[in-house]
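# Breakdown of the fold
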Amino acid sequence: MTAVPRAPGLLSRRNVLRAGGAGALLAAGGGALSGCAADTASGVGADGRVTIQMWHGQTDVGSKAIKGLAAEFERTHPDIRVDLGGGVLTDAMLQKVTAALASGAYPDIAYIFGSDLASVARSPQVVDLTEMVGQWSTPWRNYHAPAREAVTIRGKVRAVPALLDSLAVICNKKVFADAGVDLPKPGWTWKEYTETARRLTSRAKGRFGTGWPGTGDEDTVWRLWPMVWDLGGDVIAEDGKSIGFEKVGARALEVVKEMADDKSVYVDPKPGGEQMYQVFLSGRMGMVPTAPSQLLDVKQANLDYHVAPLPSFSRRPVTISGPDTWTLFDNGEARVKAAKTFVTWLTQPAQDSRWDVEAGSLPLSRRSEDRQEWHDYSARTPGLSVFTEALTSSRVRPVHPAYPRISRSLGQAIVAVLLGRKSPAEAVRSCAEESNAALLIPR
């Protein structure tokens, strides 16, 4: 995340996820994915050292962090070399990995968005890690539930969690004070959220109450799922043949419509939420639902801020976590073993807490959270504990190959409501037609 206002290190929170891209790209690859043979080169040099290639996808601080960790790993594991060259930034990783799988020349480890994992894992070259995680010195059950669920497909662990986050609301204290509005507290409702946004909005001052990404990508979509879950709905129905939010989706979209009608929401037309965060950091927006990585930019801007849990309809805490993954690919026994050794080491508490502090993730496990370096970092980062505590009420999107299609159609529905082109009911009907058709495709 180099460009303002992206948090440095972790590329614009899957903020730039191209929802729907996974299905299209893997469909284009078709049989090539299942039929291609792995590069059988052993990776073992004349000196007995195994070289593995990692496409980490990070920029700036995140890149520096992973390079430092890899260097430390090589010092303590002299028989393994980690090549961090090649690859692309995270938002282009799916296309790069898809092409690599089709050609038969792919890395040993790649940073894959959690919402893309189900599609990528259709390739037989993706390593099954179920047995490995059961042997970790950090018990698998010690990991936060969203971290485990995001990498598990049909009972099999298909990757290891690379990043963990949650959604909360960051508020600009000065904007609230100028508008004479009290800062929100835990247990507030979406009705109170829309009323607060309305009171914070000032056309004369060019100020918006809040913001919402308006490109229809995953950044647009993931903010709506907590509403759906709180209302008793789900992404996919229990039978797996239809969406699980057809009955409650319109109610969730009414919140979006109310803010659009009030003109209290800034609709960002660019991927990644760049303009939305620029407006917020410049003092022309009162509050924004976002991930903890955004705190890095907020602190750099010397903004006096407050963090509140995400609102709900029920006043019960509910939010979303969108973990991303380190996905391993089979390039022969020696390289697979070395790659497993590296990611096992990388996700242990000592290294994970360092990655969390330097690159903006939340701790993957309670043991990482208990380390002194995380306690110190959390103590000097006001509001960070709100995101961490939210993990106990966080849910994740289903790891399902049809999810990108569902996300794309819901993204279009949200944008249609934000721009006043459709009513919430009409938008949900359109979304249901396309999404249900996608769920009926055999996979």
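Residues numbered from 1 in each chain as written. Predicted model: local features only at pLDDT ≥ 70, side-chain atom pairs only at ≥ 80, totals over all residues. Heavy atoms only, no water.

### Observations regarding the overall build of the protein chain
Rule in force here: Secondary structure elements are taken from DSSP: a helix is a run of H or I of four residues or more, a strand is a run of E of two residues or more, and numbering for both begins at the N terminus. For the radius of gyration, the atom set is restricted to C-alpha positions; the globular benchmark scales as 2.2 Å times the number of residues to the power 0.38. Throughout this description, buried means an accessible area under 20% of the type-specific maximum (1.4 Å probe, protein chains only), exposed means over 50%, and partly exposed covers the range between. Two residues form a contact once any of their heavy atoms are found within 4.5 Å.
Secondary structure summary: the protein chain contains 21 helices and 16 strands in total. Taken over the C-alpha trace, the protein chain has a radius of gyration of 21 Å; the compact-globule value for 443 residues is 22 Å, and the two agree within 12%. If you line up the protein chain on its principal axes, its C-alpha atoms span 70 × 50 × 35 Å. Across the 443 residues that make up the protein chain, the buried fraction comes to 58%. Within the protein chain, counting contacts between residues at least 6 apart in sequence, those at least 24 apart form 78% of the total.

### Some thoughts on helix H16 (residues 349-359)
The element H16 is largely enclosed, with a buried count of eight among its 11 residues. Within H16 the residues assigned to the buried category are Pro 349, Gln 351, Asp 352, Ser 353, Trp 355, Asp 356, Val 357 and Ala 359. Buried residues belonging to H16 abut helix H3 (60-76), strand S6 (160-163), strand S15 (324-328), helix H15 (333-346), helix H17 (366-369) and helix H18 (372-379).

### Brief notes about the pattern of salt bridges
Pairing is possible between side chains that carry opposite charge, provided their charged atoms lie close to one another. Test applied: A pairing counts as a salt bridge when a side-chain nitrogen of Lys or Arg comes within 4 Å of a carboxyl oxygen of Asp or Glu.
With the rule as written, the count across this model stands at 17 salt bridges. Between Glu 218 and Arg 397 there is a salt bridge; the shortest N-O distance is 2.5 Å. Of this pair, Glu 218 sits in helix H10 (residues 218-221) while Arg 397 sits in the loop between strand S16 (394-395) and helix H20 (403-418), and the two are 179 residues apart along the sequence. Here Glu 218 and Arg 397 have matching classes, each one buried. In this structure, a network of salt bridges that share partners links the residues Lys 191, Arg 198, Glu 258 and Asp 262.

### Some remarks on the nonpolar core
Using the following cut-off: Definition of nonpolar core: a set of buried residues of the types Ala, Val, Leu, Ile, Met, Phe, Trp, Tyr and Cys, connected through side-chain atoms within 4.5 Å.
In terms of nonpolar packing, the biggest core is built from 81 residues, with Ile 52, Met 54, Ile 109, Trp 326 and Phe 342 touching the most fellow members. The greatest single-element share of this core, amounting to seven residues, is contributed by H15. Trp 225, Trp 229, Ile 243 and Leu 439 belong to the second-largest nonpolar core, a separate cluster that totals 49 residues.

### Here we look at the packing of helix H12 (residues 249-262) against H20
Two quantities define a packed helix pair, namely the angle between the axes and the distance from one axis to the other. Under the convention used in this document: To define axes, lines are fitted to C-alpha atoms, for helices over the stretch in contact only, and angles between the resulting N-to-C directions are given on a 0 to 180 degree scale. Whether a crossing is left-handed or right-handed is set by the direction in which the near helix is turned from the far one by less than a right angle, anticlockwise for left-handed and clockwise for right-handed. Under the scheme applied, nonpolar residues are Ala, Val, Leu, Ile, Met, Phe, Trp, Tyr, Cys and Pro; charged residues are Asp, Glu, Lys and Arg; polar residues are all the others, including Gly.
In contact at an axis separation of 8 Å, H12 and H20 are set at 35° when each is read in the N-to-C sense. The chirality of how H12 crosses H20 is right-handed. When H12 is examined against H20, the residues Leu 253, Val 256, Lys 257 and Ala 260 are found in contact with a partner set consisting of Ile 414, Val 417 and Leu 418. Split into classes, the residues belonging to the contact of H12 with H20 amount to six nonpolar, no polar and one charged.

### Some points on the sheet that holds strand S2 (residues 80-83)
Operational definition: Two strands qualify as a pair provided DSSP detects at least 2 bridges between them.
Here we have five strands laid out as an open sheet, ordered S2-S1-S3-S15-S6, and mixed in their pairing. In this open sheet, the two strands that pair with only one neighbour each are S2 and S6. Shown here is a sheet whose adjacent strand axes are inclined to one another by a mean of 30°, direction ignored. Across four bridges, the pairing between strand S3 (residues 109-112) and S15 is antiparallel. Looking at S15, one finds that Ile 112 is bridged to Thr 325. Together, strand S1 (50-55) and S3 form the strand contacts of helix H4 (residues 93-103), whose direction differs from that of S3 by roughly 140°.

### Some thoughts on the pairing of strand S8 (residues 210-213)
Burial along S8 is two-sided: the face carrying Thr 210 and Trp 212 and the face carrying Gly 211 and Pro 213 are both buried. As paired strands, S8 and strand S11 (residues 265-268) are joined by four bridges and run parallel to one another. Within the sheet, the bridge partner assigned to Trp 212 lies in S11 and is Val 267.

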